[in-house]
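# Summary of the model geometry
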Amino acid sequence: MSTPTTSRPTTTASATQADDAHRHFDGVDLQALAQRIGTPLHAYSASAIHQRIGELQAALTGLDATICFAVKANPNLAILQLMANAGVGADIVSVGELRRALNAGMPAERIVFSGVGKSTDEIAGALSVGIMRFNVESLDELHTLQRVAQAQEVTARAAVRINPDVDAQTHAKISTGKSENKFGVSIDEARRWFAERSQLTHVQLDGLHVHIGSQILSVEPFRLALQRVAAFWRELEQAGHPVNSIDVGGGLGVCYRAGVDQPVAAADYVGAIREALAGFRGRLLLEPGRYLVAEAGVLLTRVIRVKPGIERTFLVLDAAMNDLQRPSLYDAWHDIVPVADERRPLATYDIVGPVCETGDTFARARELPECAAGDLLLIKATGAYGTSMASTYNSRPLAAEVLLQRGRYAVVRRRQHFEDMIAGEQPARNWETP
Ligand SMILES: *Cc1c(COP(=O)(O)O)cnc(C)c1O
């Protein structure tokens, strides 16, 4: 967890320090916080997010680079505001995300729009506020963009999303850069777009975009994809098609499993970009999501009960797959630790939520200090694709979210009220024909 060292005492012995690291997060006492706000509770460390932004910005020194945070990783307005204040823009995939980004104070000229299914209305909405760039994923979308821009009498700026056919060596459900995936177009197709560029009277097609997947833990897939993009950029320049921006996407992995996951350092990642795109004079765009926020988030949850079974013992938490879907969706591992001071013998548990699905399992056969009802646990690295994928399945209200910073907290989303959950629903009273 990337809590800055300033929030930890520096003089205690290492054993107690390990415990204390779980007792405090960004200087905030987690027992007291859980007591105050209740559980399940998503907590984000502002300091940890700032640290990640800082690392990436430092690595990018000297480059004409814009970081566009992938909003889908964590769309909370307070998080987006923090990003905006740090000079970070947004990578959006819907008009809902566009509105969040603008609402949080992100300037339109730092917003890029990705996704295979942008509707005509969404394209029109984004164009009318003057976003920086559309990452176009199909010829049909390119033609729609041309039509909409013509109607608005403006020129849209566009990049073609290249599918470089590279294996990101990540989970199949988060791989996006192989030719069998729905994303982007082949270099052959992109070449034809540029060749016919002059027909695009209202689209300035002068950018390349690539995003090969998520939770990538090796620099090689990035290098390979960027080399293909770079070769294409050089070819386009030779053919008289200037490339003014290259968007390298997101995908940088993080540590979900201490001692096993070894993420690529920002400096090494940017080093690979510098190398592959040597000589490129345009603007570089980056779209990190997970890297900026995952390890800055924890999910605080209490043990409802310990349920001994025939083959295993279940630890039933008050958090469930509706609060954090990654384990049930991707079999993702999250480190889980007790927020407790005393030392206890280890026990082995299947850690589950209360939702009526066998898939509502956070961990199987996990070793943990012995737990009892009421104990507070921490599910780590939940800051990305946690709340953004949350649902109210089983009519469970969306959990509260707090932002932490150097010993203080601010509620950035109150726990959902039952009335919020059913808002918009109504009895079938007024029957009509369409
Ligand atoms: C999801 C997504 C990202 C962010 O991916 P991370 O793995 O969270 O960094 C960036 N760009 C595009 C186009 C995406 O779809």
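All residue numbers refer to positions counted from 1 along the written sequence of the respective chain. For this predicted model, a pLDDT threshold of at least 70 governs which residues receive local features, and a threshold of 80 or more governs which side-chain atom pairs are given and counted, while totals over whole chains, interfaces and linings are taken from all residues. Hydrogens are left out, water is left out, and the side-chain values use all remaining heavy atoms of the structure.

### What about the sheet that holds strand β10 (residues 245-247)?
With respect to topology, eight strands assemble into a closed barrel ordered β4-β5-β6-β7-β8-β9-β10-β11, the strand pairing being parallel. For this sheet the average axis-to-axis angle between neighbouring strands, irrespective of direction, equals 30°. Note: two strands are recorded as paired if DSSP finds a minimum of 2 bridges between them. Put simply, DSSP marks the helices as runs of H or I at least four residues long and the strands as runs of E at least two long, and each gets a number from the N terminus on. Pairing analysis gives three bridges linking β10 to strand β11 (residues 283-286), with the strands arranged parallel. Looking at β11, one finds that D247 is bridged to L285. Along the sheet, helix α5 (residues 95-103) makes contact with β5 (89-92) and β6 (111-113), crossing β5 at roughly 170°. The contact criterion used is simple: two residues touch if any of their non-hydrogen atoms lie within 4.5 Å. To define axes, lines are fitted to C-alpha atoms, for helices over the stretch in contact only, and angles between the resulting N-to-C directions are given on a 0 to 180 degree scale. Running at roughly 150° to strand β7 (residues 133-136), helix α7 (residues 139-152) makes contact with β7, β8 (156-161) and β9 (203-209) of the sheet.

### Description of the packing of aromatic side chains
Ring pairs shown here join Phe, Tyr and Trp side chains whose ring centres sit within 6.5 Å, with only the six-membered ring taken for Trp; geometry is labelled stacked below 30 degrees between planes, edge-to-face above 60, and tilted in between. Here the structure, examined in full by the defined rule, presents four aromatic pairs. Residues F222 and Y269 carry aromatic rings whose centres are separated by 4.8 Å and whose planes lie at 70° to one another, so their mutual orientation is edge-to-face. With a gap of 47 residues between them, F222 in helix α9 (residues 219-238) and Y269 in helix α10 (residues 266-276) connect regions that are remote in the sequence. Both residues of the pair, F222 and Y269, belong to the buried class. An angle of 85° between the planes, with centres 5.3 Å apart, marks the rings of W233 and F280 as edge-to-face. Note that W233 is positioned in helix α9 and F280 in the loop between α10 and β11, a separation of 47 residues in sequence. Its relative accessible area of 12% is what places F280 among the buried residues. Here, a charge over a ring is recorded when the distance from Lys NZ or Arg CZ to the ring centre is within 6 Å and its angle to the ring normal is within 35 degrees. Sitting over the ring of F113, K118 keeps its end group 5.6 Å from the ring centre. The cationic tip of R326 hangs over the ring face of Y256; the distance from NZ or CZ to the ring centre is 4.2 Å. The buried label goes to any residue with under 20% of its type's maximum accessible area, the exposed label to any with over 50%, and the partly exposed label to all in between, with areas taken from a 1.4 Å probe on protein chains only.

### Description of the site of the ligand
Around the ligand, the structure places 15 residues, and the nearest of them are K72, S214, E287, R290 and Y385. Two N or O atoms form a polar contact when they lie within 3.5 Å of each other; inside protein one atom must be a possible hydrogen donor and the other a possible acceptor, and for residues adjacent in sequence the pair counts only when both atoms belong to side chains. D91 is positioned such that a nitrogen or oxygen atom in its side chain is 3.1 Å from a nitrogen atom of the ligand. Between the ligand and G289, the relevant distance is 2.9 Å, taken from an oxygen atom to a main-chain nitrogen or oxygen of the residue. Taken by itself the ligand offers 390 Å² of open surface, and the protein chains cover 94% of this. Any residue with a heavy atom lying within 4 Å of a molecule or strand is counted as near it. Accessible areas in this description were obtained via Shrake-Rupley with a 1.4 Å probe; residue shielding takes into account the shown protein chains only.

### Thoughts on the packing of α9 against α10
Where α9 meets α10, the axes come as close as 9 Å, and the angle between the chain directions of the two elements is 25°. Put simply, α9 runs roughly parallel to α10. As for how α9 packs across α10, the hand of that crossing is right-handed. In this structure, α9 uses V219, F222, R223, L226, Q227, A230 and R234 to contact α10, whose residues at the interface are D268, Y269, A272, I273, E275 and A276. Residue polarity follows a fixed list, in which Ala, Val, Leu, Ile, Met, Phe, Trp, Tyr, Cys and Pro are nonpolar, Asp, Glu, Lys and Arg are charged, and the others, Gly among them, are polar. Grouping the amino acids of the contact of α9 with α10 by side-chain chemistry returns eight nonpolar, one polar and four charged. Here the word oblique covers every angle except those under 35 degrees (roughly parallel), over 145 (roughly antiparallel) and from 65 to 115 (roughly perpendicular). Left-handed is the label given to a crossing in which the near helix is rotated counterclockwise from the far helix by less than a right angle, and right-handed is the label when the rotation is clockwise.

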